[in-house]
Structure formats: structure tokens, C-alpha cells
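Survey of secondary and tertiary structure
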Amino acid sequence: MIVGTPRPRLEGRLKVTGAAPYAADVPVPGLAHGWMVTATVSRGRIRELDAAAALALPGVLAVLDHTNSRRLNPDAANYFGPDGSLPLLQDDVVPHAGRPVALVVAETPEQARAGAAALRIGYETEPHDLGFALDHPAARPASTLFGPEADTGDLAAELAASAVVVDEVYRTPEETHSAIEPHAATAWWADGHLHAVDTDQGPYGISRVMATLFEIDRDRVHIRAEHVGGGFGGKTICGAQLILAAMAAEHVGRPVRVALTRRQVFLATGSRPPTEQRVRIGADASGRLRAIHHHAAFALSPLAEYIEWCTEQARTLYAAPAIRTQLTAVPLDMLPPCTMRGPGATPGSFAFESAVDEVAERLGIDPLDLRLRNQPSVSPVSGRPFSTRRLVTCLTEGARRFGWGQRDPRPGVRREGDLLVGTGVACAAFIAGTFPSSASITAEADGTFTVRSGATDIGTGARTALTAVAADALGVTTEAIRLRIGDSDLGMAADAGGSRGTTSHVFAITETAKALREKLPGADLPVTATVDTTPLINWQPDQERNTYSAIFAEVTADPATGEVRVRRLLGMFAVGRVINPLLARGQLTGAMIGGLSMALHEEGVHDPVSGRLVTADLAGYHIAAHADVPAIEADFVADYEPQDTSGVNGLGEIGSCGTAAAIANAVWHATGTRQRTLPISLSRVLSP
Ligand code: MOS
């Protein structure tokens, strides 16, 4: 058995030696370079776009804008997500600052950039609105594509009968993924086929969107994403880099590369929307929860529907006779948001698990005890059983390792020198499951196996995990497996998103291995089996399927400077069977660092007059750096997912959920002050 053993990343050497090719550095003969130009106003129209000076510069080949670029199929906008904004350069409308309005194509990137600087663009501006608030006049119910709102029991009666009621508002800002590799694509056309090397989280799905946009058969779209330098959700969508590179390559009849600058990633790719969340929780004096009401609002663009599903925790974590969730969308003149690092659950759990902590505070009950006392035996809203729920073990085992038992409950009293010290806990659930995927495996004459999957590895370790799964399923060592991934030609596959990439691809590969083994006896080699899991997947399981976490944090707060530092972070996780503990731990500690970063540092800020993003670089937008990251530990409780033939669940995002609340709760314990707005910056600590 290879599954379950810690093994290093297969492509690790390629990556650290610089030999792994990324979208912006694949060599292509005859390559031209596109420089994206983005709108500088937050709402309006392009009045004039004068390209004469740019076209006169050396090396400039073309300027694409809404007046001369090819028409794209507007139906691509129906694809769920921020992709509604996709058909680029189609009209003169500017829906948000940072919207791509032109592409300058030249022989070199420097010449293209010089051309972009020489463009003269005039706008007619219209008043913009970025005034996000839960009670904004444009607020409306969010899409219920993920299912109806929870509304069980008599909320008003349970609140009225509660001994304590917490009723507070929590806020999280706009945040940007900040993957290490900026978005880039290299595209060319040959015989009516589009070829591209792109940085994205799912080349198969992207090939479908591109086929729709360009109105060609999907089999004529060939997207490769063999190595991707992180995504965090920001590369799930079909990116401007790819659409513009493909448009430009067609326009100039040469391969074109579009590599976004870091600033352009902030302005034009996607972000997590700001949220404002009112949480009301009522409990009786013994700490039994009676009423839960979570009303969350998020901002979105009128260009595209999107769901920041903040209310998932309220319907999953605790039993209560009355539970109500409400999700509100507020359309504003902003970049269409997209999924980011545990979408919904991460900002949602910050609000919800902070409020739960406040209930414990008001009742004088240990916050760990309060959580343990309210565990449901079945899903509190649907009444369905959980397929596996090892949350209590996460909490108790985490508490044991962290040393929670010795905790002094009083806030604001522990000092070490000038610093205040505190600890906090939070837990989280993240929905799990499988998306349809296919795989194909060939038994070669030399005894090896070629395994093909449209999966991609965005740095998670998927390549290593899938190789191990294939080897076990075929009863051979990993040396006998040649895994090919990261190419839309390798078959239909789920993207590396929604914490479901590896789960989906493991299912497809194990089913295909099974089919191949049935074919093998007496067969002439090579022989190939292909399985598409679409008909095998149960979309409406009669059990709820989630992963769980308990996060423990210890912080120091400096009352003189307001600086909060995290000193210890411990995460215990229930994620089904773990394929590769080394890489899984790396993914979870990475996600916890994302949660730390969210808690203390990350904040997108817009200039109130121009509406433009002020923090559109890594100098203005702070992320946790190495020195911010303390002793950090992630481990697993024994778990097995009965809904999955391999017992696995995805673990891509559960690490970021819960971390911010654990840190905020620890800050309260250190300082005695609740921080209900992220990030917990120095000024917020100094003047709460
Ligand atoms: Mo994940 S934020 O769905 O890539």
C-alpha cells in the first residue's frame, strides 16, 4: 500500500531547479507579446481610444480594443461564476476599474508595455457605488443555487426564551488570492485549432468555456496547465490572459503571450468579496443553544451571479431548536468576485465562531465545553445523518495536544513582559463530495501503465497523490506508473477547486483501474480502459458529507503598539483517509497560514473618490510573510469517508476555515476586547 505513506512531491526537483515549465516561460517560435491595458475609472464608457501613437512605436504589431476585436459568443456569460464578465473588448462599457479595455501586441514585452503607455484613452465617467453594506438599498437575496436557506423552529420564541443572546455584526474586507505565479497564457492557432498553455485550476473546464466563447468545437481547443504556481480559487475561472492571448494570436496570426503584472492580477482576475454578517445566537443558562440566526451579506458585480456561502457553518456545526440562515448579495461597481481559500466558509466561520465564543464569554462557560455540549447527532437543519463526523475528536485531541486544560478563562490578565497573552479555539466544517471526471489507463507491453487524467496540480501535490492511488489500484509500484495530467486533451475532469479535485480524480482513476484489470487477463497489450464517472456519482446523497477542523491559537498582543503576533497554531482535521500525510500536512499548514494572513494582514482598500483599488500590489496588500508564521502544526484524526470508494475527502480548503476565528478569539482572551472586523490591524487593537 502506497496510499497512506508520506512521500515527497514527484515534481519537486523540477520546480526547485527551474526546469518545470510555466505558462509564461514555455518556448514558442515566432512569439509576440500582449500587454493588457485596464480601465482607470470605476464606471462609465470609453469615449475615445487613440492607438496611433502606440502603433507608430517600434515593434508594435497591433492594438486590440472593442472597435476592432473579434466578436465573442455572449452565451459564455451563462457559465456560473464570475465568468459572466468574460466576453472582453466587446463594447465601450466600463463596469469597474481594472476592466481590460485594450491589448497592445508587440515583438517584445517591453515594446508592448511602451505601446500601452502611449495609448490615449478618454472616458465618460458615471457615478460609481462601492459602498458595501448589509442594508445597502440594492441588497437582494443571494442565489440559492447551493440549496435553500435554513429556517427551522420558531426563531423569535427561542430567542425570547434564551438566558443570553449575542447579537453582533462582523466584517471582513475584500481580499485577493495572491498566488505566487501571476496569471499568464501563451496561445496560438493552427488549422482552426486553438492551442494554449495557461495558468489555471482546470484546463478541461477552461477548454469548454473557450470553445463557447470562440464558437468552435471543444475538440479544437487544447489547453495545457501542467505546472501552476498556486491558485487559491483565483484561477478557477477562464482568465483574461487566455481570452486576450487567443484573440490576439488570431488577430496577428502568430503565437501571443499575455503575462499579467501583479497589479493586473489584483485589478482584473477576481477577489473574495467583502462581507458584513449579523449573527444572533441565543442560549440557556446551561449553555444549550436555542436559536441561531446568521444573516450574511457579500458584494458582487451585476455582471455575474456569485455565492459567498458564509452561512454553511450555522447549519452544520451545532444543534439548536431554531436555525435560520439568510444570504444577501449587494451588486456594486466592483470586479466580479470569485472563489477564494474556502469560499464562504472562511469569512463565515470567522463571524459565526466568533459569535459562539461570545456566547461562552457571556455565560462564563469554557468555549471548548460550549462547543462540545451542542454537538448534533444528525444534521440540525436537514435531519440527515452525517456520513462521518469526527469533529468531537478533533476538538478533544486538539485540546489535549495544545494544553487547553490549563487555560485560565479570564481575559486580559496574562502578561509576559510587555505582552498580553491569550488562547482561542474555533471549529469549522466544509462540504465535501465528488464532481464528474474521467480517466483512461493503458497497460503497456513493457509492464508499465500510462494513466491519463484532465486533472491539474496547482501545487497541492495532486500529481503525487494520484500516482500513489493508481499504483495501489493496479497493484504495482509508483515506478510503473506514468501519470499524464494538466491537459484538456486528456479527458473530462473536475478542476482543482471546491476541495474536490483530488477526490474526483481518485474516484475516476480507481474505477478505470478496476475496468482495466477486468480486461487484462489474456488481452493483447497494449490495452486501454476509459471510465467517465458522471453516471456513477450520487448528487443527492442521503447523508451529509463534510470535512471538519478544530483550530487552536495562541497569540501575543502588544498594548503599546497594537501588534498581534501568533505564537502557536494547531489544527486537527477529519478529512477521511489521508492519501499522503506529508503533502496533506503541507497543504493544511499552508491553508492555516492563509487564515492567519486573513486574520491579521489582508485588506483590499479602495480610494473612496476614484473607486480604484489602492492596495493593488504586495507592498500595499499585506500577506503573512515567513517571520509572521509561528510554530504551526496540522494533524489528522483517524477517519474514513463511507460515501467514497477510497474513503477520502478533499482537504484543500478546510485549513483556512476556522483559523481567523481562533486567532480573533485568542486576541479577546489576551486583551479583553472583541475584534469583530478583519484584519486585526494595529490600529484596531489600539482603538477598538
Ligand atoms: Mo477553491 S477557492 O474552490 O480553488
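As the structure is a prediction and not an experimental result, all values here were calculated from the model.

1. Brief notes about the overall build of the chain
Within the chain, the regular secondary structure consists of 15 helices and 25 strands. Radius of gyration (C-alpha) of the chain: 26 Å, near the 26 Å computed for a compact globule of 688 residues. Classification of the 688 residues of the chain by burial places 61% in the buried group. Looking at the chain alone, contacts between residues at least 24 apart form 82% of all its contacts between residues at least 6 apart.

2. Comments concerning the packing of aromatic side chains
Inspection of the entire model under this criterion finds nine aromatic pairs. Taken together, a centroid distance of 6.2 Å and an interplanar angle of 90° make the contact between Tyr170 and Phe350 edge-to-face. One end of the pair, Tyr170, is in strand E9 (residues 164-172); the other, Phe350, is in helix H8 (residues 345-363), and 180 residues separate them in sequence. Ring geometry for Phe266 versus Tyr621: centroids 5.2 Å apart, planes at 65°, classification edge-to-face. Linking Phe266 in helix H7 (residues 262-268) with Tyr621 in the loop between helix H13 (581-600) and strand E25 (631-636), this pair joins segments that are 355 residues apart in sequence. In terms of burial, Phe266 and Tyr621 fall into one category: buried. Taken together through their ring pairs, the aromatic side chains of Phe402, Trp404 and Phe552 make up a single cluster. The ring of Phe232 has Arg341 sitting right over it, with the charged end atom 5.4 Å from the ring centre. Directly above the ring of Phe435 sits Arg500, whose terminal nitrogen or CZ lies 4.7 Å from the centroid.

3. Notes on the sheet that holds strand E19 (residues 438-443)
Taken in spatial order, the four strands make up an open sheet running E21-E20-E19-E22, and their pairing is mixed. Each edge of the open sheet is held by one strand with a lone partner, namely strand E21 (481-484) and strand E22 (527-532). Direction aside, neighbouring strands of the sheet carry axes that sit 15° apart on average. Relative to strand E20 (residues 449-453), E19 runs antiparallel, the two sharing five bridges. Bridging across to E20, Ile441 finds its partner in Val451. Sheet strands touched by helix H11 (residues 462-474): E19, E20 and E21. Its angle to E21, the strand with the most contacts, is close to 135°. Along the sheet, helix H12 (residues 501-519) contacts E19, E20, E21 and E22; its crossing angle with E22, the most-contacted strand, is approximately 140°.

4. Observations concerning helix H6 (residues 240-252)
If you check H6, its first and last C-alpha atoms are 18 Å apart, about what 13 residues at 1.5 Å a residue would give, namely 18 Å. With ten of 13 residues buried, H6 lies mostly within the body of the structure. When H6 is considered as a whole, its buried residues turn out to be Ala240, Gln241, Leu242, Ile243, Leu244, Ala245, Ala246, Met247, Ala248 and Ala249. One or two residues past the end of H6 sits Gly253, with phi positive at roughly 65°.

5. Details of the packing of H13 against helix H14 (residues 659-671)
For the pair H13 and H14, the least separation of the axes is 8 Å and the interaxial angle reads 50°. As the angle between them shows, H13 and H14 are arranged oblique. Crossing angle aside, the handedness with which H13 passes H14 is right-handed. When H13 is examined against H14, the residues Met592, Gly595, Leu596, Met598, Ala599 and Leu600 are found in contact with a partner set consisting of Thr659, Ala660 and Ile663. Classifying every residue of the contact of H13 with H14 gives seven nonpolar, two polar and no charged.

6. Some remarks on the sheet that holds strand E4 (residues 93-94)
With antiparallel pairing, three strands are arranged side by side in an open sheet as E4-E2-E6. Of all the strands in the sheet, just E4 and strand E6 (120-125) have a single pairing partner and so form its edges. Two elements, strand E2 (residues 44-50) and E6, share six bridges in a ladder whose sense is antiparallel. Bridge assignment links Asp50 to a residue of E6, and that residue is Arg120.

7. Looking at the domain arrangement of the chain
Assigned domains of the chain: these are domain 1 (32-127 + 180-230 + 235-269), domain 2 (140-175 + 272-432 + 542-686) and domain 3 (435-536). Spacing between the C-alpha centres of domain 2 and domain 3 amounts to 35 Å. Every contact between the two is made by 16 residues of domain 2 and, on the other side, 15 residues of domain 3. Taken over both partners, the interface formed by domain 2 and domain 3 buries close to 1100 Å², and the fraction arising from carbon and sulfur atoms is 57%. Of all residues in domain 2, the largest losses of buried area upon contact with domain 3 belong to Ile579, Leu583 and Thr645, amounting jointly to 37% of the total for that side.

8. So, unusual backbone geometry
In this structure, Pro526 follows Leu525 across a cis peptide bond, with omega equal to 0°. In this structure, Pro526 sits in the loop between H12 and E22. Residue Pro679 is reached from Leu678 by a cis peptide bond, and omega for that bond is -5°. Inspection of the secondary structure assignment puts Pro679 in the loop between H14 and helix H15 (682-686). Phi is positive for Asp191, which is not a glycine, with a value near 50°. Here Glu215, not a glycine, exhibits a phi torsion of approximately 50°, which is positive. Following the sequence through the fold, Glu215 ends up in the loop between helix H5 (203-214) and strand E12 (221-224). A residue is classified by how much of its surface remains accessible, and Glu215, at 57% relative accessible area, is exposed.

9. Quick look at the pattern of salt bridges
Enumeration over the complete set of coordinates arrives at 43 salt bridges. Arg70 serves as the salt-bridge partner of Glu250, at 2.8 Å between the closest nitrogen and oxygen. On the criterion of sequence distance, the pair formed by Glu250 in helix H6 and Arg70 in the loop between strand E3 (60-64) and E4 is long-range, its members being 180 residues apart. Accessibility expressed as a relative area gives 35% for Glu250, which makes it partly exposed.

10. Examining the nonpolar core
Nonpolar side chains tend to gather and get buried jointly when the protein is soluble and globular. Core analysis: the biggest nonpolar cluster contains 81 residues, and Ile281, Ile292, Phe352, Val359, Phe552, Phe573 and Ile663 have the highest contact counts within it. A total of nine residues in this core trace back to one element, the largest contributor, which is H8. Setting aside anything within four residues of it in sequence, one finds Phe352 in contact with Val279, Ile281, Ile292, His294, Gln313, Ala314, Leu317 and Tyr318. Formed by 37 residues, the second largest nonpolar core is a distinct cluster that contains Ala62, Met210, Ala246 and Met247.

11. Observations concerning the packing of H5 against H6
Direction vectors running N to C along H5 and H6 enclose 45°, while the axes themselves pass 11 Å from each other. In terms of orientation, H5 and H6 fall into the oblique class. As for how H5 packs across H6, the hand of that crossing is right-handed. Residues Ile206, Met210, Leu213 and Phe214 of H5 form the contact with H6, whose participating residues are Leu242, Ile243, Ala246 and Met247. Here the residues of the contact of H5 with H6 are counted per class, giving eight nonpolar, no polar and no charged.

12. Some points on helix H10 (residues 391-402)
An ideal rise of 1.5 Å per residue puts 16 Å on twelve residues; H10 measures up with 16 Å between its terminal C-alpha atoms. Residues of H10 that are buried include every one of Leu391, Cys394, Leu395, Glu397, Gly398, Ala399 and Phe402, and no others. Looking at the packing, one finds that the buried side of H10 touches helix H9 (367-373), strand E18 (419-431), strand E23 (546-557) and strand E24 (564-574).

Cut-off values and rules
Residues numbered from 1 in each chain as written. Predicted model: local features only at pLDDT ≥ 70, side-chain atom pairs only at ≥ 80, totals over all residues. Heavy atoms only, no water. Helix = DSSP H or I, 4+ residues; strand = E, 2+ residues; numbered from the N terminus. Rg over C-alpha atoms; globule rule 2.2 N^0.38 Å. Buried < 20%, exposed > 50% of the residue type's maximum accessible area, 1.4 Å probe, protein only. Contact = heavy atoms within 4.5 Å. Phe/Tyr/Trp six-rings, centres within 6.5 Å; stacked < 30°, edge-to-face > 60°. Lys NZ or Arg CZ within 6 Å of the ring centre and 35° of its normal. Pairing = 2+ DSSP bridges. Axes fitted to C-alpha atoms, helices over the stretch in contact; angles between N-to-C directions. Expected span 1.5 Å × (residues − 1). Parallel < 35°, antiparallel > 145°, perpendicular 65-115°, else oblique. Left-handed = near helix turned anticlockwise from the far one by under 90°. Nonpolar A, V, L, I, M, F, W, Y, C, P; charged D, E, K, R; others polar. Domains from an automatic or database assignment. Buried area = accessible area lost by both parts, 1.4 Å probe. Salt bridge = Lys/Arg side-chain N within 4 Å of Asp/Glu carboxyl O. Core = buried A, V, L, I, M, F, W, Y, C linked by side-chain atoms within 4.5 Å.

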